[in-house]
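# Structural characterization, general
One letter stands for each residue in the lines below.
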Amino acid sequence: MNGLFKFISPFAPDQSGATAVLFSLGGIIVICDAGGCAGNICGFDEPRWFTEKSAVFSAGLRDIDAILGRDERLVQKLEEAVKFIDAKFAAIIGTPVPAVIGTDFRALGQMAEKRLGIPVLALDTTGIGLYDEGEEKAYIGLFSAFASDKFEKKFDVGVLGATPLNLPDKNYAGKLKELIEKKYGKAALFSGENGIDEAKNAGGAKLNVAVSVSGIKAAEYLRQRFGTPYIVEFPIEESHLAPRTSHLESKIDERRAADDARTLIIHQQVLANSVRELLETRGETSDVAVWFKLHAKYARENDVRLSEEDELPRLLSERRYTKIVADPIFLRCPAVRELEFVPLCHYACSGELYAASALENFGKIIGE
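Here is a short report on the structure shown in this document. (Residues numbered from 1 in each chain as written. Predicted model: local features only at pLDDT ≥ 70, side-chain atom pairs only at ≥ 80, totals over all residues. Heavy atoms only, no water.)

As enumerated under the stated definition, the model contains 19 salt bridges in all. As a salt-bridge pair, Asp124 and Lys137 come within 3.2 Å of each other at their nearest N and O atoms. Residue Asp124 is found in the loop between β4 (120-123) and α7 (131-146), and its partner Lys137 is found in helix α7; the two are separated by 13 residues along the sequence. Put simply, Glu233 and Lys183 hold a salt bridge, and the shortest N to O gap is 2.5 Å. Here the residue Glu233 occupies a position in the loop between β8 (230-232) and α11 (246-258), and Lys183 occupies one in helix α8 (residues 173-184), the gap between them amounting to 50 residues. Residue classification places Glu233 among the buried positions, given a relative accessible area of 18%. Judged by its relative accessible area of 37%, Lys183 is partly exposed. Through salt bridges with shared partners, a single network forms among Glu72, Glu79 and Arg115. (Salt bridge = Lys/Arg side-chain N within 4 Å of Asp/Glu carboxyl O. Helix = DSSP H or I, 4+ residues; strand = E, 2+ residues; numbered from the N terminus. Buried < 20%, exposed > 50% of the residue type's maximum accessible area, 1.4 Å probe, protein only.)

Right, dumping it as structure tokens:
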């Protein structure tokens with residue numbers, strides 16, 4: 001049955017992804033819901049909610065507000081909020097309710113911006129899409145609204161997609177920035193740290209690095225607007241990458257031809273690709289599967305996007321994988337438990353369930 005998930009928990013939706021991009025940027029974030037979606041974001045999908053200060057609110061929509069589409073009430077509440085919060089901007093994040101009643105987010109954003117006197121991002125997320133779709137919309141909205149043509153050159157590299165939802169550990173962004181700076185120069189994480197100023201100066205970067213597929217569209221936007229080149233890469237410490245030898249290359253080719261002892265890696269595509277390259281230096285062949293966006297340019301022949309739960313055991317059976325590298329949440333699937341399993345946490349899939357051991361698990365994979 002399409003859409004029936006018996007073992008796997010629901011993944012983080014698009015409104016959580018949009019919030020993840022904007023969470024640390026110093027704005028007022030309003031989840032356009034009755035309260036449940038905001039609760040899910042703050043309680044399950046946004047780990048920084050428990051450690052960092054951010055102005056995230058629910059619009060508190062009531063039945064009659066939804067039925068009558070009373071956007072005026074929402075704008076009034078925002079006007080009250082900006083009296084007490086020194087916000088650089090406001091963001092209105094869509095959920096299933098405004099999607100069902102057909103809220104015009106563009107008009108809502110313009111109306112709110114005129115009344116509030118600060119920039120307003122109105123993102124038409126629906127709660128039906130997945131987190132990376134929301135991140136993609138938030139990045140495009142962010143740079144469209146704030147990236148200035150009169151930028152200052154404050155950093156060398158812009159990093160796109162380094163939200164907790166994309167990482168092997170919720171606190172890995174700092175390590176990721178360190179690795180990128182080691183290779184390319186001073187870096188800016190556009191989804192945190194120094195607030196909105198980094199987005200304003202995005203045009204000054206010499207290079208952008210998309211560490212997840214959710215950042216590629218924004219990287220392409222910045223390339224077209226400012227001419228900034230970009231690469232798609234999730235860096236791993238060079239010392240952990242064993243040099244390839246002709247012997248290893250031959251071994252990989254032999255095993256690929258025999259279709260034997262294959263490994264399946266499940267994560268967001270860019271990180272999964274890096275883990276695959278790491279395993280290849282050790283003589284292991286592998287394919288990548290994703291539940292989220294699969295960018296054709298960065299996929300190999302046997303890589304696949306999964307959309308239904310029963311596709312996973314079918315894939316494992318048809319391709320005869322013997323090992324799987326994935327979030328422990330997938331051990332709930334009986335077919336996964338029959339294989340050698342290597343945990344690689346993905347916050348968008350399991351939230352806090354395995355967060356305590358996430359960094360240790362990733363360290364075991366990369367050899368730390």
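Right, let's get into the side chain of Asn361. Along the polypeptide, Asn361 turns up in helix α16 (residues 358-366). Among all residues touching Asn361, those that are not within four sequence positions of it are Pro343 and Cys345. (Contact = heavy atoms within 4.5 Å.)

With that settled, the discussion passes to the pairing of strand β5 (residues 157-160). Regular strands have side chains that alternate between both faces of the sheet. Burial along β5 is two-sided: the residues Val157 and Val159 and Gly158 and Leu160 are all buried. Sheet topology note: the β5/strand β6 (residues 187-189) ladder contains three bridges and is parallel. In the sheet register, Val159 faces β6, and the bridge partner there is Leu189. Where the polypeptide runs from β5 across α8 and back to β6, its parallel neighbour, the crossover connection is right-handed. Pairing analysis gives four bridges linking β5 to strand β7 (residues 207-210), with the strands arranged parallel. The partner of Val157 across the bridge, within β7, is Leu207. (Pairing = 2+ DSSP bridges. Right-handed = clockwise from strand over helix to strand, strands pointing away.)

Our next topic: helix α6 (residues 105-116). For α6, spanning 12 residues, the distance from its first C-alpha to its last is 16 Å, which sits close to the expected 16 Å at 1.5 Å a residue. For α6, the elements touching its buried residues are α4 (71-84), β3 (90-93), α5 (96-101) and β4. Capping of α6 at its N-terminal end is provided by Asp104; its side-chain oxygen lies 3.2 Å from the backbone amide nitrogen of Arg106. Where α6 terminates, the next one or two residues include Gly117, which has phi positive at roughly 80°. (Expected span 1.5 Å × (residues − 1). Polar contact = N/O pair within 3.5 Å; in protein donor to acceptor, adjacent residues only side chain to side chain.)

This paragraph deals with the state of the cysteines. Working definition of a disulfide: a covalent bond connecting the sulfur atoms of two cysteines. Under the criterion given, the structure shown has zero disulfides. Counting only cysteine sulfurs, Cys349 is the nearest neighbor of Cys345, a cysteine outside any disulfide, at a range of 9.9 Å. Cys345 sits in the buried class, given a relative accessible area of 4%. (Disulfide = S-S within 2.5 Å.)

No statement about biological role is implied by the geometric values presented.
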